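# Results of the structural survey
This is what each chain is made of:
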Amino acid sequence: MDSLGFWIPLFLLFFSALVGALIKRRTCDPCLKKFHGDKVLFPIAEDKWICGELKVFAQGIEVSKLAENKISCGIVHSRIFPAAELINLSYFIRQAPDPDTRAGVKWKKEREKLLHPPLWNRVKRFSLNSYNMLRDSFGQALKAIIGSVSKQTRFGQTKDADHRLYELQSNMTGLVPNAWEPILEKYRGKLVVVERMAESGEIFESGILEDYSDKYLLMRDVVLVDSSIKNKISLLKESQNPACDVLYSRTHALLRFSLQAQPYGKKNAT
């Protein structure tokens, strides 16, 4: 028993640390992850833009195949933005593919599913929202279960045990994306307007709200009105389709209006 009392706490500490590390490694923002592997355009400073292929990681992003890849040190393969810098990036733009291509047909079908979600999509979303409403209770229950497992061992007396239990609980409850927000959930798949500040002042851009997280708003088929963006959009060179998807940082933009319809002649989608 003495040997078990020694090894079981060590095993539980190792297991909790391993699970926490694996979860952290795989946990990315669900909205940002939807742009993974796509060519994107975004500003990093006044009149300074980055254009390239986006790679999303748990602790930051990497942009490769840069449009401008020369610096004084040589030719750049990729540019890395750690998590601490992401808060300063106000939005990411992805151009929609040409409608007569396979990717364009897929993009249009995804857009239609947003406007008219099939039953299975509604069921999945309802299940996710139900979980998110109960996630705090789930976290407390998980902590109680882990605590009861370790109650009969020396795990509870092991140094740093409480910290490990809390870390494991936080990581597991944070594994499922999205904190449920009723007003944003109501307008998923609907025409909405995002308000943000630009160089020219306050502007409004409309599109279809696809998804949201605690950090981002993901919009499809956005009507871009900012002149600075229109001057840079040619850097993407992805297609002739004027439609764009935009990922807005919630520290720089907010959902302001819902729309009945977009004005005639201002619609980007095909």
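Per chain, residues are indexed from 1 in the order of the written sequence. With pLDDT at 70 or above as the cut-off, local features in this predicted model cover only qualifying residues; side-chain atom pairs require 80 or more to be listed or tallied, and sums for whole chains, interfaces and linings still use all residues. Calculation of side-chain values draws on the structure's entire complement of heavy atoms; hydrogens and water are dropped beforehand.

## Side note on the side chain of Glu185
Secondary structure counts use DSSP, requiring at least four H or I residues in a row for a helix and at least two E residues in a row for a strand, with both numbered from the N terminus. Within the element layout of this structure, Glu185 appears in helix α8 (residues 182-186). Burial classes: relative accessible area under 20% of the type maximum marks a residue as buried, over 50% as exposed, and values in between as partly exposed (1.4 Å probe, protein chains only). Exposure remark for Glu185: the relative accessible area of 16% places this residue in the buried category. Contacts: residue pairs with any heavy atoms within 4.5 Å of one another. If sequence neighbours within four positions are ignored, Glu185 has contacts with Arg125, Asn129, Trp180 and Tyr212.

## Some details on a nonpolar patch on the surface
Only residues whose relative accessible area exceeds 30% and that form no salt bridge are eligible for patches; like-charged ones are grouped when within 9 Å, while nonpolar side chains (Val, Leu, Ile, Met, Phe, Trp, Tyr) are grouped when within 5 Å. Here, Shrake-Rupley sampling with a 1.4 Å probe gives the accessible areas, and only protein chains in the shown set may cover a residue. The working definition used for a salt bridge is a side-chain nitrogen of Lys or Arg within 4 Å of a carboxyl oxygen of Asp or Glu. On the surface, a nonpolar cluster with roughly 340 Å² of combined accessible area is contributed by Leu119, Trp120 and Val123. Examined against the element boundaries, Trp120 turns out to sit in helix α5 (residues 119-133).

## Quick notes on the pairing of strand β11 (residues 244-249)
Burial analysis of β11 places 6 of its 6 residues in the buried class, the great majority of the element. Along β11, one buried face is formed by Cys244, Val246 and Tyr248 and the opposite face, lined by Asp245, Leu247 and Ser249, is buried too. Pairing between strands requires that DSSP locate at least two bridges from one strand to the other. Summarising the sheet, strand β7 (residues 91-95) and β11 pair through 5 bridges and their orientation is antiparallel. Residue pairing in the sheet places Gln95 in a bridge with Cys244 of β11. Judged from the 5 bridges that link them, strand β10 (residues 216-223) and β11 form a sheet pairing that is antiparallel. The partner of Met219 across the bridge, within β11, is Val246.

## Considering the nonpolar core
Soluble, globular proteins show a tendency: their nonpolar side chains are buried together. Judged by nonpolar contacts, the single largest core of 20 residues is most densely connected at Tyr91, Ile93, Leu217, Met219, Val246 and Tyr248. Every element with two or more residues in this core is listed here: β2 (48-57), β7, β8 (191-198), β9 (201-212), β10 and β11. When near neighbours in sequence (up to four residues on either side) are disregarded, Tyr91 contacts Leu41, Phe42, Pro43, Trp49, Arg196, Asp226, Ile229, Val246, Leu247 and Tyr248. Only buried residues count toward a nonpolar core, which is a set of Ala, Val, Leu, Ile, Met, Phe, Trp, Tyr and Cys residues joined through side-chain atoms within 4.5 Å. One finds Phe35, Ile50, Val63 and Leu89 within the second-largest nonpolar core, a separate group that totals 19 residues.

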